[in-house]
Amino acid sequence: MNTVHLQYIIEIERTRSISQAAENLFIGQPNLSRILHEMEKTVGFCIFERSSKGARPTERGAVFLQHAKSILRELEQIDALGPRNPVPNRLRVCIPRAAALFDATAAYLARLEQQSLDAVIRECHARTALELMANGEAEIGVIRFRAEYRDYFEEQSKSRGLNVQILSRYRYQLVMHRSHPLAQKPSIARADLAGLPEIVHGDNFRIAGKSEEAQRRRIYSVDRMSQVTLLESIPGAYLWSSPVPPDTLARWDLVQRRCGENPTIYHDALLYHPHYSMTEIESGFVQMVQQLYAESKDI
């Protein structure tokens, strides 16, 4: 059974149309119809019901398509074990939502002298980064996780053929506007935050009990600029964040303060494919990341 033909059949399912699938695949409709007919003859049942409304999978056809997709995914995993093909002037990386790393990445891209650059920078959760790197959508990753999950993420990374390099160990700190009533305190206790609104993103730590959780004021936002606006606009608002560079804080009139009652420790880790020959742009990005974290202060 030809795996290319499996891809053709899956495209018919996606478009629900043999003619549209043929157009998308740049092959003639009669040729695609013949391939489908031969596939159905091989398996012994109709994969699609044809009608004036298009082509829809039969009951057996739907099961067949599920298996076909699984086969193609497994073949992609096998192919990923071999040498990967670097593409000049391309950068595909995953990073956590971290001001220091994002600012350094922006500065790195600004320094590149290539006339053409195809860069995709994804800020995403560690599990998403693992999947993107495993399926070839990203070549380099920096992931963030709580220290107690280190064994899990190292195992998950290695099971996907990725090397892991721990870059840092730190605690989240409080970020607030310079006008915040607590801004002048060098260290803040959790009791100081009682009744104050918290700007929340998905990777913040939580240690409060259920009764206390219900009484806390939270405003959820995933956009970086929206979070800065909320900190400036809402009296007493604060945000938990990884360490932010002083120049970034100054740019937005923000301050960062420690909380001695924050027990949660985080790691940032570099992920890369050991058998992949990086381009100059990619290796330069890795060197930039390693230098950035080498210069930062761990707890």
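Residues numbered from 1 in each chain as written. Predicted model: local features only at pLDDT ≥ 70, side-chain atom pairs only at ≥ 80, totals over all residues. Heavy atoms only, no water.

K.L.:
Run through the pairing of strand β1 (residues 48-51), naming residues and quoting values.
P.N.:
The pairing of β1 with strand β2 (residues 54-57) spans four bridges and is classified as antiparallel. Paired with F48 across the strands is P57, a residue of β2. (Pairing = 2+ DSSP bridges. Helix = DSSP H or I, 4+ residues; strand = E, 2+ residues; numbered from the N terminus.)

K.L.:
Pulling in residues and values, what's your account of the nonpolar core?
P.N.:
Core analysis: the largest hydrophobic core is formed by 19 residues, its most contacted members being I9, I12, L32, L36, I47, F48 and F64. With residues up to four places along the chain from it excluded, the contact list for I9 reads L36, M39, I47, F48, F64 and L65. With 17 residues, the next largest nonpolar core counts I95, V142, L270 and V286 among its residues. (Core = buried A, V, L, I, M, F, W, Y, C linked by side-chain atoms within 4.5 Å. Buried < 20%, exposed > 50% of the residue type's maximum accessible area, 1.4 Å probe, protein only. Contact = heavy atoms within 4.5 Å.)

K.L.:
Break down the packing of aromatic side chains for me, citing the residues and quoting the values.
P.N.:
For the coordinates displayed, the defined rule picks out seven aromatic pairs. Their ring planes at 65° and their centres at 6.1 Å tell us that Y108 and F285 sit as a pair that is edge-to-face. Placement of the pair is Y108 in helix α5 (residues 99-111) and F285 in helix α11 (residues 280-295), with a sequence separation of 177 residues. The side chain of R224 reaches across the aromatic face of F102, ending 4.8 Å from its centre. (Phe/Tyr/Trp six-rings, centres within 6.5 Å; stacked < 30°, edge-to-face > 60°. Lys NZ or Arg CZ within 6 Å of the ring centre and 35° of its normal.)

K.L.:
Give me the lowdown on the pattern of salt bridges, citing residues and values where you can.
P.N.:
Pairing between side chains of opposite charge can happen when their charged atoms approach one another. Scanning the model with the defined rule gives 16 salt bridges in all. When the shortest N-O distance is used, the salt bridge between E11 and R14 registers 2.8 Å. In this pair, E11 and R14 both sit in helix α1 (residues 3-15), three residues apart, roughly one turn of the helix. Classification of R14 as exposed rests on a relative accessible area of 58%. In this structure, D118 engages R92 in a salt bridge whose closest nitrogen and oxygen atoms are separated by 2.8 Å. In this pair, D118 sits in strand β4 (residues 118-123) while R92 sits in strand β3 (residues 90-95), placing the two residues 26 residues apart along the sequence. What makes R92 buried here is its relative accessible area of 17%. The structure contains a network of salt bridges with shared partners spanning R97, E123 and R224. (Salt bridge = Lys/Arg side-chain N within 4 Å of Asp/Glu carboxyl O.)

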